[in-house]
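Understanding the architecture of this molecule
Listed below, chain by chain, are the residues.
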Amino acid sequence: MNRLLGIVLDVEYLYTCVHKEEDADTKQVYFSLFKLLRKSILQMGKPMLEAQESPPFEKPSIEQGVNNFVQYKFSHLPSKERQTIVELAKMFLNQINYWQLETPSQRRLRVPNDDLAGYKANYTRWLCYCNVPQFCDSLPRYETTQIFGRTLLRSVFTVMRKQLLEQARQEKDKLPPEKRTLILTHFPKFLSMLEEEVYSHSSPIWSQDFLAGASGGQIPIHTVISAPPVARPLYYSTSPVSVDPSTCGSVSPARKTASVLESNPVGEKRKPSEPLPHEETKRPRVVGDIPMDLINEVMATITDPAAIPETNLLSAHSARDEAARLEERRGVIEFHVIGNSLNQKPNKRILMWLVGLQNVFSHQLPRMPKEYITRLVFDPKHKTLSLIKDGRVIGGICFRMFPSQGFTEIVFCAVTSNEQVKGYGTHLMNHLKEYHIKHEILNFLTYADEYAIGYFKKQGFSKDIKVPKAKYVGYIKDYEGATLMGCELNPSIPYTEFSVIIKKQKEIIKKLIERKQTQIRKVYPGLSCFKEGVRQIPIECIPGIRETGWKPVGKGKELKDPDQLYNTLKTILQHVKSHQNAWPFMEPVKKTEAPGYYQVIRFPMDLKTMSERLKSRYYTTRKLFMADMQRIFTNCREYNPPESEYYKCANLLEKFFYTKIKEAGLIEK
């Protein structure tokens, strides 16, 4: 029944694709698959593709050919250099598995004299066996590199090579330093050498009798490299994990593409320097920043292992998750995102882990009914980030993602009692944050009981919820006696390495202070003026204070030109009024909506009144304008309780207002 229900979902999806697809050849394939699945439902059988040939369609496959190419051209290289070539080959195979083939009609326009009949046959096979099965689980799924050979590779190689190198050049500034040389220098050379073998009529790598090495034995296909699996990439586990169909959207499968330069294999975590989905352009230099050459000079001493003492794990300066991070690096612990599935064959190891998680949550959360824990852990809509040590579950975080609402609900979080106080809880949460940044969900919500509030506060959660109430009401489970807490993720932070980065930053500051101290060698005598009856002196009068780099703090500039002041305040007010949290303050409070308001608040203020005052040129100084704006926030907090929506809106809007004031230069940053 579950299998048939899965086919029903795929039928609905293909029905949408048929109606949205504009290309005639692609539409025909979608319609054929639609009829096949519908027939399977009526006959209550498994869908079997009826074709003259079944995979693989050509031998050797693309994967075998690239393996042969690596052996043929680079087997003589030292181990380290050869590993670089293997990484390039993996990257290339990964790109083919994710590559979007052009439709036969598009190819006809680009290459009129090509073998269009042969290309159309391969395009149809690719749709049926590789592309559509990524999104329709009821169809058998294959990887492009394993069922196609030289013919398909020849038809896509030239265009693919051109687009890959073009995108690499365009995105070179976004590439992390360790990948820049690999992609910009070594990858073009690798592609040029491979191109010769792809189009050469006498290349030995495409021979099924290809032999390598003195022994003359044939190389097994997985000895050198194997492309990562195409469908459902998860960044923490190679195990089959349930993925919501909603994440695929309603985009036609043949139009869904992957990033050209995405070369991370499945199971690999986001690197600290890896470009992020939300990363903005390079930050402009700020006046007063420390020169980069000085930073680089200091960094050179910090990254030198001999120059920096190793922190003891038991010292007060070690991070909470440092021990856990080292254990993960040594392979003692592992992290996997797992979940139950209704449309995939049960995996024994996954099921054992889920049972282990149910036991951990039941023991560590005794006030939570066991039946309720079991239901959520095994619910396909929920996933669990599991912590595995010596093959058994010792902790985890159960969560449910709501991509359409922009947040994830954390349901259970626990580590078994004999493994606590080792930093596992912090490292678990950091992994969960990394996972969600990859999936572009940047808000967590959870109901924490009195025992969990402290833990969540340490992980960056607060009672100040950033998600609008309308987004989560009716979605998140409400727990009596618990406190709603939220956490907003910053996509620029590599959370699993965050404490390491902070440690390095502290070392940089420490080294810079030491350098500054060595430059200031003059020692001044102590101040004697206080003995003579002087009560206080200006800070700038202290001998040597300016040599340390100290500067008097300004109070903010007052704009002399009335028109300039008017335009600046008008811009700030427009920004404040258009903010999402400004809605409670747009107009004066009505007596009918807030009984007794004007008995409590003696000097009411609102954004409409401020707009009228600005228009009448009432604000002759910035201080008058800021005082009225501050009164709005003060009044709100005085009348409303801290847990109210209005109170939270006031806090968020106040922060935004002062950000804009600082940007305009009206107060010191």
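This text goes with the structure placed above it.
Below is a summary of the structure that appears in this document. Not measured: the values here are computed from a predicted model.

**Quick word on the pattern of salt bridges**
- The tally for this structure, following the rule as stated, stands at 18 salt bridges.
- Of the charged contacts, one joins Glu166 and Arg169 as a salt bridge, the two residues approaching to 3.3 Å between their closest N and O atoms. One end of the pair, Glu166, and the other, Arg169, are both in helix 8 (residues 150–170), three residues apart, so they sit about a helical turn from each other.
- In this structure Glu166 comes out as partly exposed when scored by relative accessible area, which is 35%.
- Notably, a salt bridge pairs Asp628 with Arg631, separated by 3.2 Å at the nearest N-O pair. Remark: Arg631 and Asp628 occur in helix 21 (residues 622–639); sequence separation between them is three residues, near one turn of the helix.
- Salt bridges sharing partners connect three or more residues here, namely Glu327, Lys389, Arg392, Glu419 and Lys422.

**Here's the deal with helix 22 (residues 645–663)**
- The first and last C-alpha atoms of helix 22 sit 27 Å apart over 19 residues, in line with the 27 Å expected at 1.5 Å per residue.
- If you check which residues of helix 22 are buried, you get Lys648, Cys649, Ala650, Leu652, Leu653, Glu654, Phe657, Lys660 and Ile661.
- Looking at the packing, one finds that the buried side of helix 22 touches helix 18 (562–577) and helix 21.
- A positive phi of about 80° marks Gly665, the residue just after helix 22.

**Brief notes about the environment of Arg631**
- Relative accessible area serves as the criterion here: at 30%, Arg631 is assigned to the partly exposed category.
- In this structure the C-alpha to C-alpha distance between Arg631 and Asp606, which are 25 residues apart in sequence, comes to 8.7 Å.
- Of note is the side chain of Arg631, whose polar atom sits 3.2 Å from the side chain of Asp628.

**Considering the packing of helix 3 (residues 62–74) against helix 9 (residues 177–199)**
- Helix 9 packs onto helix 3 with a crossing angle of 105° between their chain directions and a minimal axis gap of 11 Å. The orientation of helix 3 relative to helix 9 falls into the category roughly perpendicular. Note on element contacts: helix 9 touches helix 3 through Phe190, Met193, Leu194 and Glu197, opposite Phe69, Tyr72, Lys73 and Phe74.
- Of the residues contributing to the contact of helix 3 with helix 9, the split by class is six nonpolar, no polar and two charged.

**Concerning the packing of helix 12 (residues 348–364) against helix 13 (residues 370–377)**
- Two numbers describe how helix 12 lies on helix 13: the axes approach to 10 Å, and their chain directions differ by 145°. Considering how the two elements wind past one another, helix 12 and helix 13 form a crossing that is right-handed. Here Leu354, Gln358, Phe361 and Ser362 of helix 12 come into contact with helix 13, specifically with Lys370, Ile373, Thr374 and Val377.
- Here the contact of helix 12 with helix 13 is built from residues that sort into four nonpolar, three polar and one charged.

**Quick word on a nonpolar patch on the surface**
- A surface patch of nonpolar side chains, about 390 Å² in accessible area, is lined by Leu527, Phe530, Val534, Ile539 and Ile542.
- As for its placement among the helices and strands, Val534 is situated in the loop between helix 17 (498–519) and helix 18.
- Note on Val534: relative accessible area 34%, which makes it partly exposed.

Conventions we followed
- Residues numbered from 1 in each chain as written.
- Predicted model: local features only at pLDDT ≥ 70, side-chain atom pairs only at ≥ 80, totals over all residues.
- Heavy atoms only, no water.
- Salt bridge = Lys/Arg side-chain N within 4 Å of Asp/Glu carboxyl O.
- Helix = DSSP H or I, 4+ residues; strand = E, 2+ residues; numbered from the N terminus.
- Buried < 20%, exposed > 50% of the residue type's maximum accessible area, 1.4 Å probe, protein only.
- Expected span 1.5 Å × (residues − 1).
- Contact = heavy atoms within 4.5 Å.
- Polar contact = N/O pair within 3.5 Å; in protein donor to acceptor, adjacent residues only side chain to side chain.
- Axes fitted to C-alpha atoms, helices over the stretch in contact; angles between N-to-C directions.
- Parallel < 35°, antiparallel > 145°, perpendicular 65-115°, else oblique.
- Nonpolar A, V, L, I, M, F, W, Y, C, P; charged D, E, K, R; others polar.
- Left-handed = near helix turned anticlockwise from the far one by under 90°.
- Patch = residues over 30% accessible without salt bridge, like charges linked within 9 Å, V, L, I, M, F, W, Y side chains within 5 Å.
- Areas by Shrake-Rupley, 256 points an atom, 1.4 Å probe, with all protein chains shown as cover.

The analysis is restricted to geometry; functional conclusions fall outside its scope.
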